[in-house]
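# Topology and contacts: notes
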Amino acid sequence: MEYGPAPESAEFVDAWLEKHGRRFGHFINGRFVEGGSTFEVINPATKATIANVSQGSSAEIDQAVQAAAAAFENWRTLSGHQRARYLYAIARQIQKHSRLFAVLETIDNGKPIRETRDIDIPLVARHFYHHAGWAQLASEVFEQYGPLGVCGQIIPWNFPLLMLAWKVAPALAAGNTVVLKPAEFTPLTALLFAEITQQIGLPSGVFNLVTGDGRTGEALIEHPGVAKIAFTGSTEVGRIIRQKTAGSGKKLSLELGGKSPFIVFDDADLDSVVEGVVDAIWFNQGQVCCAGSRLLIQESIAKVMYAKLRQRMENLRVGNPLDKAIDIGAIVAPVQLQKIESLVQQGIKEGATCWQPGWAVPTDGLFYPPTLFTDVEPAGTLAQVEIFGPVLVAMTFRTPGEAVDLANNSPYGLAASLWTENVNLALDIAPKIKAGVVWVNCTNVFDAASGFGGYRESGFGREGGIEGMYEYLRPNWEQHLPEVDDPGFEPRAEPALNNAANAVSAENVVSVAIDRTPKLYIGGKQARPDSGYSYPAFDPAGKYRGEAGLGNRKDIRNAVEAAVKAGGWPNSTAHLRAQVLFYIAENLQVRAREFIDRLVGDCGYTIELAEREVTATIERTFYYAAWTDKYDGRVHSTPFRNVTLAMPEPWGVLGIVCPQGNPLLGFMSLVLPAIAMGNTVVTIPSARYPFAATDLYQVFDTSDLPGGVINIVTGNQLELAKVLAQHLEVAALWFFGSKSGSEMVERESAGNLKATWVTHGKARNWFAPEQSQGEEFLRHATQVKNIWVPYGE
Ligand code: NDP
């Protein structure tokens, strides 16, 4: 059947643009202000200039941040209900002007009106409604939490208004104020949104908008008045932002690129699969971070599937995105079109087979045809690099295990889509895929109630749902923590017996009855440090207490390898993990006297204080044994016929650098939540007082803890932390130490974009429950995967 053209009128958008003289400044402190130099914004479907927009300077970013800072106190102290009213008003205004937003978005970005009208804009309104709800409930649900301050938000061009909503709604709901930088290619709907905020009377300075290119974004990132950066865009820029914000204390969430697998098993309903593929890779011209760009097909059905796909591709319509009968619109900008073309050429050069429909795309705009590659090598460019265009690359597998291996053969981990009529198979595979979202028999479905975000180099942090709210909050007590005045302790492998400063004379040796040599603890065994060196440790009065192994890079590598090998732990039942933790508590109790003596001797504690620390440690072990089978996710109410399962999953290998003080309680307060949630850990205990941790080996050995779940490397904490931060198999890293150490950890972890949790030199009180145990720790020990399972015929 042939469709006639059904173009949407641009009349109202033209009128709105004319009202502004097709020239825009920034939106600062509740009003539009003149910008300096301007750049052109084009309609990618026609290449015509739509408007001129201002290039934001550092001075303008500064004005915007100052306005947001000035507005913060009032906004923060409004009641949740008052903030909810504003967010509700925004949602209503977006619905009232939905067609204006949809047409403007289509003209600015090139995506089909069917998508902006039926997907982007409704989801934007839904996001503000949902977060009006969070604002209303904030004081109850997040009772111990408060806002961060001014949030700098940087968004890309592929879902301009939707990305704005994903960032602005939770920030405002939590009581923060915002400075937003939209993408250079697509700033127009953000400018219309600014007008909406004026219309509803949002207090001046709560929302500020500075347009411009990457330089404007950089100025925002570097501004000292910003408390949080939320970024969506390329992994490359995400990495730069991670490095630039290191040590600044700015909270960071990154939603980055992807190369998401779309897995089809041989029992799938192939006609539904074909429509799924259309939604996965030709939605928004494939310019979607979670696009199902890698088609993995079970070998037995590959031929049939390719034939069906080619037939469907012949019927797709590419062209004027304002036409309601168009499936695929224009690519956002010439540079993006060139990138797609050059990656396609590269794929052909590497030997993959390229197929495109028989018809030609219009030549008056930036169009690219739907493209299918077969005979793709899993390690080749096409399979590994994010193309961000309408290009699907197909590979085959034989067994479910092979499908998982292929799916995970990527540095990214944003999303995955699984197609099978066998629910058992789907729910077996979903947890095995390293991705923040898994869609079963559906794809590219989103909702404000369900968190979205990646694993691995697809970034960290979530947008949407309760986990998205935590990205904009912090515990209230956190800002009152004292700075650690301890500059850190740097053990040296000096030969203690000959060194005058560390002299060990007969009088200052406490006990030498039998020389005890604590080694490292790797893979459940005691291991000598690779360096062959030990370092002396002393009590606060300078008395020699013994020598600990001086671990090095190689020991950390061995420890990480052991932690990777202990892969059974994350898959063990929560009941089993709880039993092990209870058993650790039991054995700690048996040895309580030993640990009390240890703390008195090593740390100079009074007996009472040492008893208190040991008792608190045993109680904390019970506490996390209790949580192990209770911190168990949610089922979200998403407005589709869907069960949306939000599952907290362990990171994998988690590095932990422990505080210097409270060497037993501090160590266990960090290790316990991590292993309770199924992580395996590489820990660097207090360097000053290492023996409380090394005394634990025998407790672990007698508590049925599998080898490799907890690995302990003593030595110079900063040196070892750096190795952990750079290690690609360490998925997350906690650093409870100095400011400079925190900066180093954040910077060095940019390589594989590991999630970090650092304390910036603030000391927690390990006896105060709100600071030292609870959901905050469990949240940091996990990442949430959302699995969408539709139901109904
Ligand atoms: P970028 O990551 O460059 O852009 C995202 C946003 O960051 C834009 O607002 C951009 O400004 C801004 N920005 C750019 N450089 C900096 C910087 N140094 N500091 C702060 N902000 C900065 O993505 P591109 O638009 O260049 O697209 C390139 C590739 O990235 C695409 O081909 C695609 O592979 C991927 N991408 C992924 C997205 C996702 O959703 N995960 C979204 C967009 C792109 P400006 O607009 O001026 O460049």
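Residues numbered from 1 in each chain as written. Predicted model: local features only at pLDDT ≥ 70, side-chain atom pairs only at ≥ 80, totals over all residues. Heavy atoms only, no water.

### Description of the nonpolar core
Phe128, Leu164, Leu188, Phe193, Phe207, Val277 and Trp282 are the most contacted members of the largest nonpolar core, which totals 120 residues. It is helix 6 (residues 160–173) that contributes the most residues to this core, 11 residues altogether. If you look at the next biggest cluster of nonpolar residues, it comprises 80 residues, including Ala64, Leu220, Ile229 and Trp734. (Core = buried A, V, L, I, M, F, W, Y, C linked by side-chain atoms within 4.5 Å. Buried < 20%, exposed > 50% of the residue type's maximum accessible area, 1.4 Å probe, protein only. Helix = DSSP H or I, 4+ residues; strand = E, 2+ residues; numbered from the N terminus.)

### Things to note about the sheet that holds strand 5 (residues 48–54)
Strand order across the open sheet formed by 3 strands is 1-5-4, with mixed pairing between neighbours. Each end of this open sheet is capped by a strand with a single partner; those strands are strand 1 (23–24) and strand 4 (38–43). Note that strand 4 and strand 5 share 6 bridges and pair antiparallel. What sits directly across from Glu40, in strand 5, is Asn52. (Pairing = 2+ DSSP bridges.)

### A closer look at the packing of helix 5 (residues 113–141) against helix 6
In the contact formed by helix 5 and helix 6, the axes pass within 9 Å of each other and the chain directions differ by 5°. It follows that helix 5 is roughly parallel to helix 6 by the angle criterion. Every residue of helix 6 that contacts helix 5 at Asp120, Ile121, Leu123, Val124, His127, Phe128, His131, Trp134 and Ala135 is listed here: Leu161, Leu162, Leu164, Ala165, Trp166, Val168, Ala169, Pro170 and Ala173. When the residues that make up the contact of helix 5 with helix 6 are grouped by side-chain class, the tally is 15 nonpolar, 2 polar and 1 charged. (Axes fitted to C-alpha atoms, helices over the stretch in contact; angles between N-to-C directions. Parallel < 35°, antiparallel > 145°, perpendicular 65-115°, else oblique. Contact = heavy atoms within 4.5 Å. Nonpolar A, V, L, I, M, F, W, Y, C, P; charged D, E, K, R; others polar.)

### Things to note about helix 11 (residues 302–314)
Spacing of three or four residues puts side chains on the same side of an α-helix, whose turn is 3.6 residues. For helix 11, spanning 13 residues, the distance from its first C-alpha to its last is 18 Å, which sits close to the expected 18 Å at 1.5 Å a residue. When we look at burial in helix 11, the residues that qualify are Ala302, Met305, Tyr306, Leu309 and Met313. Viewed along the axis of helix 11, the buried residues span an arc of 100°, placing them on a single side of the element. When the buried face of helix 11 is taken as reference, the exposed residues oriented beyond 90 degrees from it are Lys303 and Gln311. In the core, the buried residues of helix 11 are packed alongside helix 10 (270–281), strand 13 (294–298), strand 14 (353–355), strand 15 (371–374) and strand 16 (391–397). (Expected span 1.5 Å × (residues − 1). Arc of directions from axis to C-beta.)

### Quick word on the sheet that holds strand 14
In a beta sheet, neighbouring strands pair by backbone hydrogen bonds and run either parallel or antiparallel. Within the open sheet, the 10 strands sit side by side as 14-15-16-13-12-17-18-32-26-25. Their pairing is mixed. One side of each edge strand has no neighbouring strand; the edge strands of this open sheet are strand 14 and strand 25 (634–636). For this sheet the average axis-to-axis angle between neighbouring strands, irrespective of direction, equals 20°. Pairing geometry for strand 17 (residues 415–419) and strand 18 (residues 437–440), over 4 bridges, is parallel. Across the sheet, residue Leu418 finds its bridge partner in strand 18, namely Val440. Contacts between helix 10 and the sheet are confined to strand 12 (261–264), strand 13, strand 16 and strand 17, with strand 12 contributing the most and set at about 175° to the helix. Strand contacts of helix 12 (residues 334–349): strand 14, strand 15 and strand 16, with the helix running at about 25° to strand 15, the strand carrying the most contacts.

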